[in-house]
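Listed below, chain by chain, are the residues.
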Amino acid sequence: MITTFKKIFYRHGYLLIAAAWLYTISFLFTNYFSYSSNPQSVSRLIAQDIISKENNFAQILNDTASINGLLSDDANTIKLDLIDDGMGIFIYQLNDVGNPLQLYWNTNAMAVNMEDLNKPDGKYMVNNQNGYFEFLKKSLHKNNNTFIIAGLIPVQWHYFIENEYLQTHFAALPKLGNTYDTTSLSMGTPVINADGKTLFKIIKKFDSHAGSIGTLPLLLRLAAIICLMIFLNFIATGIAQAHGFLKGFSILAITIFICRALTYFFTIPSIFRSIPLFDPLIYASSTLHPSLGDLLINAVILFWLLTFIRFNFTFNTEFHRTHKNSFLKYASVFTMLIIPFITFYFVSLISSLVKDSTIPFNVTDFFSINVYTVITLIIICFLVLSFYYLMNMLEQLKIAGGISFFWRMVITAVSALVFLSFNIGSENLFVYFITLLWLLLYLLILYFRKTDYTVSLFRSVFFIFWSIFFIVPVTILVTYQNRQIENAHQKNYAYKLAMQSDTGEEFLLKTAITGF
């Protein structure tokens, strides 16, 4: 086997070299060429944004027309131009007793603390309820009145409760994530304003993967992983050809299983977990499939293993040479019993893509479709191809057992009906029953299309037929599940409207109890 390994390394070692180079280039982009790679670059970009806004504030103060427009009681273009300007502009007038009265503000996203208005004119770092800001203050005397022109430059937004839309981030670098944080420690990198004053310091968190990775490094690492997968497949194929299928498949399956288990228990590679594809808010159905990205990986692995078996294992020679007829008969019966369960599991996976996700499937509304809809369709394609190859292999195993086609159909149907009898009252009972009828029809067609057992789906003369045969029921299933969800939402909405229009004592009592 060592000789086989050497031959494979000599022939396909370039894949390892390519994977190493791709990962190295990705590492360099992430840790050296990216703006988020070092605190000095981040500090410089944040300082540039702050200085730019300070200059804008200074231009307003030095422009008499802008000052007159802001102090005017009428709406004008000067006030409109400052709306959503990226910084807060606030105008106050001191009354007879010296209390500030607010005359103008250009944003509702931030507010000035009243105690900050008592500070002398200048620039200060302040910590408000929704983040860190640089507070700018300038007093102005005009027409025997004292006005205060205040500015708030957002530095870092943070919220007491975070969600998809409210996330802690630096205002100048929203895509930086929470890789960096502000600090008062001497070891931090200072951020300096236009006056050369250190406003605050930033420090990189210990978790270097807290932020999101760039697109180019992500693609490079993905390409490196694909190169490693191809190299592993070459190793398994070479060992299967030289030392038998079982050894080759064992090496492939064990390696994949260990690597995949590491991604569950140790979140490896953690850098991919920052991608929204692995966000459970988009899709999550079980511990095995906690996100859409995990389901995509599992679907690819399943398709990979099945295609390896299909093109490296021959049932007619291997099974009859290594197994007795009694074993083949028992294995054939076991296969007939589990085929319905396998089919129902694939159906439940496709159904979960609709029921357990926020992915839009309304193809009539083209603009509602997003990238996750496309990824979901890719996952469905992998699942359908995997099911097709798996059924062909199981059919060959059933035929090797020597049991007639009639009894194969009977045992499969009885097994499915027993399963359905334990699911009476389930919401999936109707779907499973229709799936059973489709499965029996599929097995009947396979019986007359034995030539497709050893041929790739894309090379089969029945390719168009098989495509339609799988696409139509999958489309019907997705549409059915989507309508079920829409009907449930409509009923829930109608119930809420009915409860809101109910002025009876029962509704009032429920409302009062809910308040407690």
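About the criteria used
Residues numbered from 1 in each chain as written. Predicted model: local features only at pLDDT ≥ 70, side-chain atom pairs only at ≥ 80, totals over all residues. Heavy atoms only, no water. Pairing = 2+ DSSP bridges. Helix = DSSP H or I, 4+ residues; strand = E, 2+ residues; numbered from the N terminus. Contact = heavy atoms within 4.5 Å. Polar contact = N/O pair within 3.5 Å; in protein donor to acceptor, adjacent residues only side chain to side chain. Axes fitted to C-alpha atoms, helices over the stretch in contact; angles between N-to-C directions. Buried < 20%, exposed > 50% of the residue type's maximum accessible area, 1.4 Å probe, protein only. Patch = residues over 30% accessible without salt bridge, like charges linked within 9 Å, V, L, I, M, F, W, Y side chains within 5 Å. Areas by Shrake-Rupley, 256 points an atom, 1.4 Å probe, with all protein chains shown as cover. Salt bridge = Lys/Arg side-chain N within 4 Å of Asp/Glu carboxyl O. Phe/Tyr/Trp six-rings, centres within 6.5 Å; stacked < 30°, edge-to-face > 60°. Lys NZ or Arg CZ within 6 Å of the ring centre and 35° of its normal. Core = buried A, V, L, I, M, F, W, Y, C linked by side-chain atoms within 4.5 Å.

Enquirer: What is the right way to read the pairing of strand E4 (residues 131-142) from this model?
Expert: Note on strand geometry: in a regular strand, side chains alternate between the two faces of the sheet. Judged from the 7 bridges that link them, strand E3 (residues 122-128) and E4 form a sheet pairing that is antiparallel. For Tyr124, the partnering residue across the bridge sits in E4 and is Phe135. As consecutive antiparallel partners, E3 and E4 are separated by 2 residues. Relative to strand E5 (residues 145-157), E4 runs antiparallel, the two sharing 12 bridges. Residue pairing across strands places His141 opposite Thr146, the latter belonging to E5. Count of turn residues in the E4/E5 antiparallel hairpin: 2 residues, of which Asn143 carries a positive phi of about 55 degrees.

Enquirer: Which parts of the structure should I look at to understand the environment of Asn193?
Expert: Within the fold, Asn193 resides in the loop between strand E8 (189-192) and strand E9 (198-204). Separated by 70 residues in sequence, Asn193 and Lys123 have C-alpha atoms that sit 9.2 Å apart. Among all residues touching Asn193, those that are not within four sequence positions of it are Ile51, Glu54, Lys123, Glu134 and Leu199. Separated by 3.4 Å, the side chains of Asn193 and Glu134 make a polar contact. In terms of polar contacts, Asn193 uses its side chain to reach the backbone amide nitrogen of Lys197, at 2.9 Å.

Enquirer: Where do I start with the pairing of strand E2 (residues 100-105) in this structure?
Expert: The pairing of strand E1 (residues 88-94) with E2 spans 5 bridges and is antiparallel. In the strand pairing of E2, Ile91 is matched with Tyr104. The turn linking E1 back onto E2 is made up of 5 residues, and Gly98 within it adopts a positive phi angle of 90 degrees.

Enquirer: What am I meant to see in the sheet that holds strand E7 (residues 180-183) here?
Expert: By definition, the strands of a sheet pair up through backbone hydrogen bonds, in either a parallel or an antiparallel sense. Strand order in this open sheet of 3 strands is E7-E9-E8, and the pairing throughout is antiparallel. The sheet terminates laterally at E7 and E8, the two strands that pair on one side only. Going across the sheet, the axis of each strand differs from the next one's by a mean of 40 degrees, ignoring polarity. Looking at chain direction, E8 and E9 are connected through 4 bridges and run antiparallel.

Enquirer: Explain the side chain of Ser66 here, please?
Expert: Within the fold, Ser66 resides in helix H3 (residues 64-71). Overall, the relative accessible area of 12% leaves Ser66 in the buried class. Contacts of Ser66, omitting those with residues within four sequence positions, involve Ile60 and Ile78.

Enquirer: It is not clear to me how the environment of Ala109 should be interpreted in this structure. Could you clarify?
Expert: The residue Ala109 is located in the loop between E2 and E3 in this model. Looking at Ala109, the relative accessible area reads 40%, which means it is partly exposed. Sequence separation of Ala109 and Asp84 is 25 residues, and the distance between their C-alpha atoms is 9.3 Å. The residues touching Ala109, leaving out its near neighbours within four places in the chain, are Asn130 and Trp157.

Enquirer: What is the right way to look at a nonpolar patch on the surface in this model?
Expert: There is a patch of nonpolar side chains on the surface, built from Tyr14, Leu219, Leu222, Ile226, Ile230 and Phe234 and spanning about 540 Å² of accessible area. Top element by residues in the nonpolar patch is helix H5 (residues 215-243). It accounts for 5 residues. Inspection of the secondary structure assignment puts Ile226 in helix H5. For Ile226, a relative accessible area of 43% puts it in the partly exposed group.

Enquirer: Please clarify how unusual backbone geometry should be interpreted in this entry.
Expert: Among all residues save glycine, negative phi is the norm, and among peptide bonds the norm is trans. Backbone geometry at Asn143 places phi at a positive 55 degrees, although glycine is not the residue there. The topology assignment puts Asn143 in the loop between E4 and E5. Despite not being glycine, Asn144 has its phi angle at roughly 60 degrees, a positive value. Structurally, Asn144 can be placed in the loop between E4 and E5. Judged by relative accessible area, which is 85%, Asn144 ranks as exposed.

Enquirer: Could you clarify how one ought to interpret the pattern of salt bridges in this entry?
Expert: Opposite charge on two side chains makes pairing possible when the charged atoms of those side chains draw close. The full count for this structure, using the stated rule, is 7 salt bridges. With a shortest N-O distance of 3.2 Å, Asp195 and Lys123 are connected by a salt bridge. Pair noted here: Asp195 is in the loop between E8 and E9 and Lys123 is in strand E3, with a separation of 72 residues, a long-range link. What you see here is one network of salt bridges that share partners, running through Glu54, Lys123 and Asp195.

Enquirer: Would you take a moment to explain the packing of aromatic side chains for this structure?
Expert: Think of a pair of aromatic rings as described by two things: how far the centres are apart, and how the planes are tilted against each other in angle. Per the stated rule, a full pass over the model turns up 36 aromatic pairs. Judged by centre distance (5.3 Å) and plane angle (90 degrees), the rings of Phe133 and Trp157 are edge-to-face. Placement of Phe133 in strand E4 and of Trp157 in strand E5 is noted, with a sequence separation of 24 residues between them. Note that Lys119 overlies the ring of Tyr124, its terminal NZ or CZ placed 5.1 Å from the centroid. Geometry around Phe462 places Arg449 over its ring, the cationic atom sitting 4.0 Å from the centre.

Enquirer: I tried to follow the nonpolar core on my own but got confused; where do I start?
Expert: Looking at soluble globular proteins, one finds that nonpolar side chains tend to be buried together. The biggest cluster of nonpolar side chains holds 69 residues, and the ones touching the most others in it are Leu292, Met391, Tyr442 and Trp466. At the level of elements, H5, helix H6 (245-265), helix H7 (292-312), helix H9 (325-355), helix H10 (371-400), helix H11 (405-421), helix H12 (429-448) and helix H13 (463-501) are the ones that each hand at least two residues to this core. For this core, the element with the most residues is H10, which contributes 14 residues. Leave out the neighbours within four places in its chain, and Tyr442 touches Phe387, Tyr388, Met391, Asn392, Trp466, Phe469 and Phe470. Listed in part, the 27 residues of the second largest apolar core include Val42, Ile89, Ile149 and Ile153.

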